[in-house]
Structures are given as C-alpha cells and as structure tokens.
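Coordinate analysis (summary)
Spelled out from the first residue to the last, the chains are:
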Amino acid sequence: MTQDELKRQVAEAALKYVKDVPIIGVGTGSTVNHFIDFLADIKQDFEGAVSSSRMSTERMQKIGIRVFDLNEVGDIEVYVDGADEVTPHKAMLKGGGGALTREKIVAAASKKFICIVDETKTVDVLGKFPLPVEVIPMSRSYVAREMVKLGGQPVLRMTKEGVPFISDNHCEILDVHNLNILDPIALEKTINNIPGVITCGLFAMRGADVVLIGAGDKVITR
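In what follows, the accompanying structure is described.

Analysis parameters
Residues numbered from 1 in each chain as written. Predicted model: local features only at pLDDT ≥ 70, side-chain atom pairs only at ≥ 80, totals over all residues. Heavy atoms only, no water. Helix = DSSP H or I, 4+ residues; strand = E, 2+ residues; numbered from the N terminus. Buried < 20%, exposed > 50% of the residue type's maximum accessible area, 1.4 Å probe, protein only. Contact = heavy atoms within 4.5 Å. Pairing = 2+ DSSP bridges. Axes fitted to C-alpha atoms, helices over the stretch in contact; angles between N-to-C directions. Salt bridge = Lys/Arg side-chain N within 4 Å of Asp/Glu carboxyl O. 1 Å grid on protein atoms, 1.4 Å probe; cavity = no way out; pocket = protein on both sides within 12 Å on 5 of 7 lines; lining within 4 Å. Points joined across faces, edges and corners; volume = space filled by probe spheres on them. Nonpolar A, V, L, I, M, F, W, Y, C, P; charged D, E, K, R; others polar.

1. Considerations on the overall build of the protein
Secondary structure summary: the protein contains seven helices and 14 strands in total. Across its three principal axes, the protein shows a C-alpha extent of roughly 50 × 35 × 35 Å. When the 222 residues of the protein are sorted by exposure, 51% land in the buried category. Sequence separation of at least 24 residues holds for 72% of the intrachain contacts in the protein that already meet a minimum separation of 6.

2. A short note on the sheet that holds strand 8 (residues 131–135)
Neighbouring strands of a sheet are bound in pairs by backbone hydrogen bonds; such pairs are parallel or else antiparallel. Pairing is antiparallel across the open sheet formed by four strands, whose spatial order is 9-10-8-11. Edge positions in the open sheet fall to strand 9 (153–156) and strand 11 (197–200), since each of these has one partner strand only. Going from strand to strand, the sheet's axes swing by 30° on average, the running direction of each strand aside. Where strand 9 meets strand 10 (residues 172–177), four bridges bridge the pair, whose relative direction is antiparallel. Bridge pairing in strand 10 links Leu156 to Leu174. Against the sheet, helix 6 (residues 140–149) contacts strand 8, strand 9, strand 10 and strand 11, and its axis sits at roughly 15° relative to strand 10. Across the sheet, helix 7 (residues 184–192) lies against strand 8 and strand 11, angled at about 165° from strand 11, the strand it touches most.

3. Here's the deal with the pattern of salt bridges
Taken as a whole and judged by the stated rule, the model has 10 salt bridges. The partner of Arg59 in a salt bridge is Asp37, and the shortest N-O contact between them spans 3.2 Å. One end of the pair, Arg59, is in helix 3 (residues 54–62); the other, Asp37, is in helix 2 (residues 30–39), and 22 residues separate them in sequence. Residue classification places Asp37 among the partly exposed positions, given a relative accessible area of 32%. The partner of Glu77 in a salt bridge is Lys111, with the nearest N and O atoms 3.0 Å apart. With a gap of 34 residues between them, Glu77 in strand 4 (residues 76–81) and Lys111 in strand 7 (residues 110–118) connect regions that are remote in the sequence. Residue Glu77 is classed as partly exposed on the basis of its relative accessible area, which comes to 37%. Here the residues in one salt-bridge network are Asp81, Lys94 and Glu103, joined through shared partners.

4. Quick notes on empty space enclosed by the protein
Regions of empty space are outlined by a rolling probe, equal in size to a water molecule, passed over the atoms. Overall, the coordinates contain one cavity of 30 Å³ or more when judged by the stated rule. The space that makes up the largest cavity amounts to roughly 30 Å³. Forming the walls of the largest cavity are Gly98, Ala99, Leu100, Thr101, Arg102, Glu134, Ser167, Asp168 and Asn169. Ranked by the residues each element gives to the lining of the largest cavity, the list is headed by helix 5 (residues 100–108), at three residues. Per-class residue counts for the lining of the largest cavity are two nonpolar, four polar and three charged.

In short, the description is geometric, and any link to function would need to be established separately.
The structure is reproduced here in structure tokens:
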C-alpha cells in the first residue's frame, strides 16, 4: 500500500468511533481529509462538526456538513485527528499543518481523542519531526532564544512565497529542530509557560485515548 492508501484505510477505520455521535470534533491534515471525505457518506447521521482549522471547515462545508463554533456546543464526545509523531504511550507531536492551537483546544474539550496515523508516524521518542511552537509575533525572537536554551534549533516557518507563515490565529510558528523529547509532559509545560507562547505542538498532558495505525493491509489499535 502507498502512504496515501494507508491514510485512507485508517481514516475509514475511525468511522466506527463516531457512530451515534451528534457533533464530531474534526482535526486537520492529509489523513483527516480522507476522514472528512468518508463523513460525506454518513452526514445524514449526525448534526455537524467542530473544526480545528479554516481548511477543514471549508472542506466540510463544501460537502454539506454543518460546522459549529465550539462555544455553541460545550463538550464534544469524540475528536478525530492525525499526528506528525505518536509514541506507544499515546503522546503526540502535532502542528505540521499549522493548526496546533485550535487542535489543542478542541482536543481538550473532547471526551475521547482518536488519533489516526499511518505507520511512518509511530516513534519511540518524540522530536525527529520539528516541534511547532505558535507565538505572538512580537515575542518571536525571545521565544527562539528560550528554545535554544532548551537545546533546540528554532526556525521561523515560512510560506513558499518567502514570507512568515501566519496561523488561523494571526500568529507565527517556530519549528524547533533537534529536540530529543524524553519527557514530553514536562517539556510541554515548560514551553507553554514561556511568555509569548500560545502553545506548542506537544500533546502529552492530553494525549490520545485511542491510536489507529495504518500498517500494511491492516489497522492496528492501541
């Protein structure tokens, strides 16, 4: 199977977790895009969704799925999202698509987090993928210096046009390279406490409840 076929396979496997769920939390990314496409076939079975990004919102609205603001719905039963890395302990590194803050908010408001990944995203230790840190623009240089103190090499995320990437929250993102994240909960707390940081892409304090992994011709459940 190709990587895209694995993503589609694991996205389809997540459908059983949203059966009889009135409002579904939906994440962002290429694997989640497949999940959204599958939701189109069952959209009559649920009221709508809460989205973690403008991109996912637009994709769902195009296929006729109602998208609610989180403030309208309270707690969400199930949130389905991908990850850039996930450990056997279900800690995740996320934010490659730039939606980490809204993803973290929707995850925190959800009773169950279903992480869907292909097997290339499974790791024993987080940090091979650069850690995204969303920052208020005026704090960028200060936060970058703090990341260096933590042993990382921060790089400002840029667009293909050569200008700083701007998140849905009108903030910038530092991608921090060369971190060996042995204690993701501790590092998540440390980074989130730096003034100017909106949040970092570590999802360890609120990790996944279930991880579905597309591997070969099967889906592994953790």
